[in-house]
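Per-entry structural report
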Amino acid sequence: MPLVNSQTGKIRTTYTVSQLEEAARMMRGYDLICLAAAGSGHSGGTLSVMDLTAALYLYAAQLDPEVPAWEGRDRIVWSAGHKAPSLYLGLGMAGFFDVKDVVTLRKFGSLFQGHPHWLKLPGVEVSTGSLGQGLSIAVGMALGLKMKKLNSKVYCIMGDGEQQEGQIWEAAMEAGHYKLNNLIGIIDKNRLQIDGWVKDVMDVDPLAEKYRSFGWEVIETDGHTMDQIVKAYDRAQAVKGKPVVILAETVKGKGVDFMENVAGWHGKTPSMEEMYEGVEQLGLKGQLPVDEMLLSAKSHQKKAEAELEKKMPKFKRNYWWNTDELMKVEMQPTRKGFGNALKEHGGDERIVCLGLDISGSITISDFYDKHPERKDRWVSVGIAEQSAVCVAAGLAREGKIPVLGSYGTFAAGRCLDQIRTTVCYGELNVLIAGAHGGVSVGPDGATHQALEDIFQVCGLPNMKVSVPCDTTETKKATEYFLFGMQGPKFIRFAREATPIVTTEKTPFTFGKANVIRFRGEQPRFVDAFETILASEYSSEEEQLAIIACGPMVPEAMRAAYILKKDFDLETRIVNMYTLKPLDEKAVTDAAAATGVVLTAEEHQIGGLADRVCRIITESPFLYQVPVITGSIGVKDRFGESGAPWELVKEFEVSAEHIAHKALELITIKKRSVAMKY
């Protein structure tokens, strides 16, 4: 069914096969421009699915771009949410908005999030991003349409690597059981995923036989030959009495020779030079408004940055990282410390690492990189986080030291029941890495930003939790978890490069905290501070204590620097790298000595704050001590797309926000003291 006017029933636009081919070619060109402008995203899969997308939005699906929420429309669910640019371009080409607008993709304040969000952009049916969930959503929508006695279809776009998620097969079973003839699955079978060829990571074939066994009609087609795609959609719409899946053979990176069939282009974007080369290869040189779009992207970015700066607390000068000749800091992703520990100690035959398809990104593959002899202790399970936890549990029962990791939002949230019941209840020796924690994940957006994981894992009995502050501390925490303790353990670290504020000599004792004190400006930021184990620290009569964890520790240090230089205030920084068990004495000592405690976490407020405040309120040592508390963190909201440091500002978790809140608390303390007397 072509695009229609839902009010009159008349056809708005029809496309021939040749016009659809041209539309797909143009969409690929737009895709390259948008990805290059964004500087992050997924090239390979957006290009492989583009012919299927063009035919779906311009030919097969019943849609009205003037009335996106029209009740009689077909529904399109993008389970493969990382291919969002293809979705946006499909909507743009169909007339939902100006297709050129997609150039603000992944930028702060853009409607075009890194993963689709239906509350931001009309035409997007559901918010997706966590693989494996879309088909279940589509089943629910198909059931709902039948209950409303509507004849609309539900299309669900998936990847072939995504078929490794167990939930896919639960949904496939449900669709077959209920004979959902209004459900059409589309699998972009480009044969590659992040960790390599699907057949090597975790083979999903034979997909046709598997879907047939669940009661589905299977249609196989070439995903790049438009007349075959059109026929496949026509056949799918005509099937009666059962759901349909279209298995479309595609090429990852289709249309750009240096991207085709290269796994590395899954989550990589073209440089400007590569973008221009790709556009030329597509035969589109001079046919697309490249300069206009890039200018629009820059204008959007400039405006977004200006709006953020307006909201930032202001001090006597700019104290942002590396803006002055003094206090220079080196930055490195904390995840590097995790990989370095596995690389250094991976020769231990007890260690077994599990790959969950983002192995290079979270650095777990450093375990075997340049050490091929360790590959027999590398177990690739693909995109199957929940199963991986239980596989790790089985390995632990056999005396191994299993290590697995994924984005924190999946490692903790998606796997919570498996961690709770199998690992924690059984007190099994499993190390879980929650990577890419916090808003600093950046452009991937809310679905991939772990802001609730500390709640989840700290609430589990027997679980030990560490949130190290930099790459050096992450290495130490990983080493301790590998060899220093038995039982369930969770380490949380960030994706973005953050300041290195510790050294090899910096104390690290699991279950204890460190106190950090600013001692005066130095050429290097790290040298301007002294770090002492909290149990060995004597009070210097500071006016404030900031208790922080993870990348918020460097921000707390910078806040202490601001408070000293601009207001001559002394701050005790408590680096709470162990979140469970928490160093209660470090908390009560800080509260008793200062009377003002401010927590700082790159997480929903409460992951750290609630635990600290509970100690303060329950400690008999503090019953007669007035303590004012405050908290810095994410304020009960989901993340969004944007550059990492933009989001640090937007979500008010920067040093400037810490310093501003500290001044507020100190003012309250002074007033309360004045009122007392």
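In this report, we go over the structure that sits alongside the text. (Residues numbered from 1 in each chain as written. Predicted model: local features only at pLDDT ≥ 70, side-chain atom pairs only at ≥ 80, totals over all residues. Heavy atoms only, no water.)

Some details on the nonpolar core
Ranked by internal contacts, the top residues of the largest apolar core, which has 70 residues, are I33, L56, I76, Y88, Y155 and Y233. Ranked by the residues each element gives to this core, the list is headed by helix α1 (residues 17–38), at 13 residues. Beyond its immediate stretch of four places on either side in the chain, L56 contacts A61, I76, Y155, I157, I186 and Y233. Ranked by size, the runner-up nonpolar core spans 49 residues in total, among them L354, L404, C458 and A590. (Core = buried A, V, L, I, M, F, W, Y, C linked by side-chain atoms within 4.5 Å. Buried < 20%, exposed > 50% of the residue type's maximum accessible area, 1.4 Å probe, protein only. Helix = DSSP H or I, 4+ residues; strand = E, 2+ residues; numbered from the N terminus. Contact = heavy atoms within 4.5 Å.)

Describing the packing of aromatic side chains
Using the criterion set out here, one finds 21 aromatic pairs in the structure. Ring centres of Y155 and Y233 lie 6.3 Å apart, and the angle between their planes is 90°; on these two criteria the pair is classed as edge-to-face. Taken together, the residues span a long stretch of sequence, with Y155 in strand β4 (residues 154–159) and Y233 in helix α9 (residues 226–238) at a distance of 78 residues. With a centroid separation of 5.1 Å and 75° between ring planes, the pair formed by Y211 and W216 is classed as edge-to-face. The buried category is assigned to Y211, whose relative accessible area is 0%. Feature note: the residues Y319, W321, F518, F525, F529 and Y561 constitute an aromatic cluster, connected by ring pairs. One residue, K375, lies across the ring of Y368, its end atom 4.5 Å from the ring centre. Stacked on the ring of F651, the Lys or Arg R637 has its end atom at 4.0 Å from the ring centre. (Phe/Tyr/Trp six-rings, centres within 6.5 Å; stacked < 30°, edge-to-face > 60°. Lys NZ or Arg CZ within 6 Å of the ring centre and 35° of its normal.)

Describing the sheet that holds β4
Strand order in the open sheet formed by five strands is β3-β4-β5-β9-β8, with parallel pairing between adjacent strands. A single partner strand is all that each edge strand has here, and the edge strands are β3 (75–78) and β8 (217–222). For this sheet the average axis-to-axis angle between neighbouring strands, irrespective of direction, equals 20°. Pairing geometry for β3 and β4, over four bridges, is parallel. (Pairing = 2+ DSSP bridges. Axes fitted to C-alpha atoms, helices over the stretch in contact; angles between N-to-C directions.)

Remarks on helix α5 (residues 134–147)
Compared with the 20 Å implied by 1.5 Å per residue over 14 residues, the 20 Å span of α5 between its first and last C-alpha is a close match. Inspection of α5 places G134, L135, A138, V139, M141, A142 and L145 among the buried residues, and these make up the whole buried set. The arc that holds the buried residues of α5, viewed along the axis, is 165°, so those residues lie on one side. Among the structural elements, β3, β4, α6 (166–177), β5 (183–189) and α8 (207–213) are those in contact with the buried residues of α5. (Expected span 1.5 Å × (residues − 1). Arc of directions from axis to C-beta.)

Describing the environment of Q163
Here Q163 shows up in the loop between β4 and α6. We classify Q163 as buried; its relative accessible area is 3%. When the C-alpha positions of Q163 and V587 are compared, they lie 47 Å apart, and in sequence the two are 424 residues distant. Of note is the side chain of Q163, whose polar atom sits 3.0 Å from the backbone oxygen of G159. (Polar contact = N/O pair within 3.5 Å; in protein donor to acceptor, adjacent residues only side chain to side chain.)

Regarding the pairing of β8
A regular strand places its side chains on the two faces of the sheet in alternate fashion. In this structure, β8 lies alongside strand β9 (residues 244–249), joined through six bridges in parallel fashion. Paired with E220 across the strands is L247, a residue of β9. Remark: the β8/α9/β9 crossover connection has right-handed handedness. (Right-handed = clockwise from strand over helix to strand, strands pointing away.)

A short note on the side chain of T502
Structurally, T502 can be placed in the loop between β17 (497–499) and β18 (514–518). Ignoring sequence-local partners within four residues, the contact set of T502 consists of C469, D470, T472, E473 and V526.

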